Amino acid sequence: MLEKGFWIRFATEECAMKESTGFDEGMGELGLNIEGLLRRSARQLIQQAIEGEVQVLLEEYAAVRMVDGRRAVVRNGYLPEREILTAVGPVPVQVPKVRDRSGSGVVFRSSLVPPYVRKSRSVAAALPWRYLHGVSSGRMQEALSVLLGEEAKGLSPAVLGRLKAEWAQEHAQWQRRSLQGKRYAYWWADGVYTHLRAEDDPRMCLLVIIGVTAEGKKEVVAVTDGLRESKASWLEILRDLRDRGLQEAPLLAIGDGAMGFWAALDEIYPQTRHQRCWVHKTANILNELPKRLQGKAKAALQAIWMADAREAAEKAWQAFVRDYQAKYPRAVEKLEKDRDVLLTFFDFPAEHWRHIRSSNAIESTFATVRHRSSRTKNCVSRASFLGLSFKLIQQAERRWRGIQHPERLRELFAGVMFIDGLPANETRLDPQQDAA
């Protein structure tokens, strides 16, 4: 049995994860409470592990053949579904059956769910699907042990390896999906560094694109590895998207300035407009200022991107330059160099500003990738790295909420121009009257 302190640490970290990623967001849309989501995730993990067990058995007898050349041991459907009472509640599972045509008596016995077992012996709280957040193979076995008790300790490294291989295969198939007819209003792009290492790369980087569809839904567009600062890496991604049918350029892309993404985007989708992330920009500017001034400077920058009109933003911009140019020219330089692409959001619906002023859609999703991968010190293969990351973002995608006021997207796609967040043909309130 695992030490009590081990699971106390697990619980503490999980609370931090929920806080940093907005874990509960979107639960109403899913129709699930937290316990329901945990049970569903546990079911998926347990079922995958059982499928891995039966596959290992079939491979063991793959060379045993009948006189006519057919395999002697083959799959033969499933036993009736039954519930296993676990630490996260009842979890329904289906155990596969095998048929031994040779009559030698080969049967499949799952070490996770033996015959007639209806209740796990563990009463400790467990989150077995934590492996999808970067838990190593050894820790995965520990998590399953807490979920199902001593039965889980019969899982072989081959079964655990098969799980990782299945996730890598799922990612590879997803990477080949057709994008014919797809259209995106917004893209968030970023390169996410983790602590995982490959044999030939000391620090692996995920290149991620998340998009907003014409219906206003957020979805993953691309997840692969590469060099964040490399135009060539991003070009490979964008060309692949185009070749798989994504002919329509996104209307706006949001991201940090320190990426080769922008040069690649101009080459593949030159019509797409650029918006620099204000969160990254603010952090970069504050790094050039002494700590005693950072609070005041942050408020001054916030006055720019929180302005209700471009004219007000320009005035706040000038005030920042006036106050900091003489003593802190490097801070002002970091602001000035992206002037044209920091205020692009004013040409898009005001209802969407909170979504498109930063790349938080990616940052919040992958906050736990860095944390989880920091616990995995050993090297991993490229396929395992991408498979684990893909499963993580799939879990996160289920919690995403759509963009607010998706009806505005129809106007954008129809070519309606927006000025200070409103359609050009709509009457504007006088700023002084609106302030009053």
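Residues numbered from 1 in each chain as written. Predicted model: local features only at pLDDT ≥ 70, side-chain atom pairs only at ≥ 80, totals over all residues. Heavy atoms only, no water.

A word on helix α6 (residues 231–243). Along its 13 residues, α6 runs 18 Å from first to last C-alpha, staying within 8% of the 18 Å computed at 1.5 Å per residue. Turning to α6, its buried residues are S233, W234, L235, I237, L238 and L241. Among the structural elements, β5 (184–193), β6 (205–213), β7 (218–225) and α7 (261–268) are those in contact with the buried residues of α6. Sitting at the head of α6, S230 places a side-chain oxygen 3.2 Å from the backbone nitrogen of A232. A positive phi of about 115° marks G245, the residue just after α6. (Helix = DSSP H or I, 4+ residues; strand = E, 2+ residues; numbered from the N terminus. Expected span 1.5 Å × (residues − 1). Buried < 20%, exposed > 50% of the residue type's maximum accessible area, 1.4 Å probe, protein only. Contact = heavy atoms within 4.5 Å. Polar contact = N/O pair within 3.5 Å; in protein donor to acceptor, adjacent residues only side chain to side chain.)

For the rest of this paragraph, the subject is the pairing of strand β4 (residues 96–100). Covered by surrounding structure in β4 are P96, V98 and D100 only, the residues K97 and R99 on the alternate face being uncovered. Sheet topology note: the strand β1 (residues 73–78)/β4 ladder contains four bridges and is antiparallel. Within β4, the position partnered with V74 by the bridge is R99. (Pairing = 2+ DSSP bridges.)

The biggest cluster of nonpolar side chains holds 53 residues, and the ones touching the most others in it are Y186, W278, I304 and L335. With six residues, the top contributor of residues to this core is helix α10 (residues 310–324). For I304, the residues in contact, after removing those within four places along its chain, are W278, A313, A316, W317, L335, L343 and F346. Counting 24 residues, the second-largest nonpolar core is a separate cluster that includes W187, I209, I237 and A253. (Core = buried A, V, L, I, M, F, W, Y, C linked by side-chain atoms within 4.5 Å.)

Turning our attention to the sheet that holds β6. On the basis of which strands lie adjacent, the open sheet formed by five strands has the order β7-β6-β5-β8-β9 and mixed pairing. The sheet is open, and its two borders are formed by β7 and β9 (273–276), each paired with just one other strand. Mean inter-strand twist for the sheet, computed between neighbouring axes without regard to direction, equals 20°. Alignment of β5 against strand β8 (residues 252–255), held across three bridges, turns out to be parallel. Following the sheet pairing, W188 is matched in β8 by I254. Sitting on the sheet, α6 touches β5, β6 and β7, and the angle it makes with β6 is about 40°. (Axes fitted to C-alpha atoms, helices over the stretch in contact; angles between N-to-C directions.)

Relative to the helices and strands, D100 is located in strand β4. One buried charged residue, D100, remains without a salt bridge, the closest side chain of opposite sign being R101 at 8.2 Å. A distance of 2.9 Å separates a polar side-chain atom of D100 from the backbone nitrogen of G105. A polar contact is formed between the side chain of D100 and the backbone nitrogen of V106, at a distance of 3.0 Å. With residues up to four places along the chain from it excluded, the contact list for D100 reads A72, V73, G105 and V106. (Lys, Arg positive; Asp, Glu negative; His and termini not counted. Salt bridge = Lys/Arg side-chain N within 4 Å of Asp/Glu carboxyl O.)

One pass over the structure, following the stated rule, counts 20 salt bridges. The salt bridge partner of E267 is K231, with a shortest N-O separation of 3.1 Å. Taken as a pair, E267 in helix α7 and K231 in helix α6 lie far apart in primary sequence, 36 residues in all. The class for E267 is partly exposed, based on a relative accessible area of 41%. On the accessibility criterion, K231 (34% relative accessible area) is partly exposed. Among the salt bridges present, the one from K334 reaches E288, with a minimum N-O distance of 4.0 Å. Here K334, found in helix α11 (residues 329–336), pairs with E288, found in the loop between α8 (278–286) and α9 (291–305); they are 46 residues apart in sequence, far enough to count as distant.

A separate point is the packing of aromatic side chains. Throughout the structure, instances matching the rule amount to ten aromatic pairs. When the ring of Y184 is compared with that of W187, the centres are 6.3 Å apart and the planes differ by 55°; the resulting orientation is tilted. Looking at Y184, the relative accessible area reads 1%, which means it is buried. Ring centres of Y186 and F348 lie 6.0 Å apart, and the angle between their planes is 65°; this geometry places the pair in the edge-to-face category. Of this pair, Y186 sits in strand β5 while F348 sits in the loop between α12 (339–342) and α13 (353–356), and the two are 162 residues apart along the sequence. Of note, R177 hangs over the ring of W174, and the distance from its end group to the ring centre comes to 3.9 Å. Here the guanidinium or amino end of R357 rests over the ring plane of F345, the centre of that ring lying 5.6 Å away. (Phe/Tyr/Trp six-rings, centres within 6.5 Å; stacked < 30°, edge-to-face > 60°. Lys NZ or Arg CZ within 6 Å of the ring centre and 35° of its normal.)

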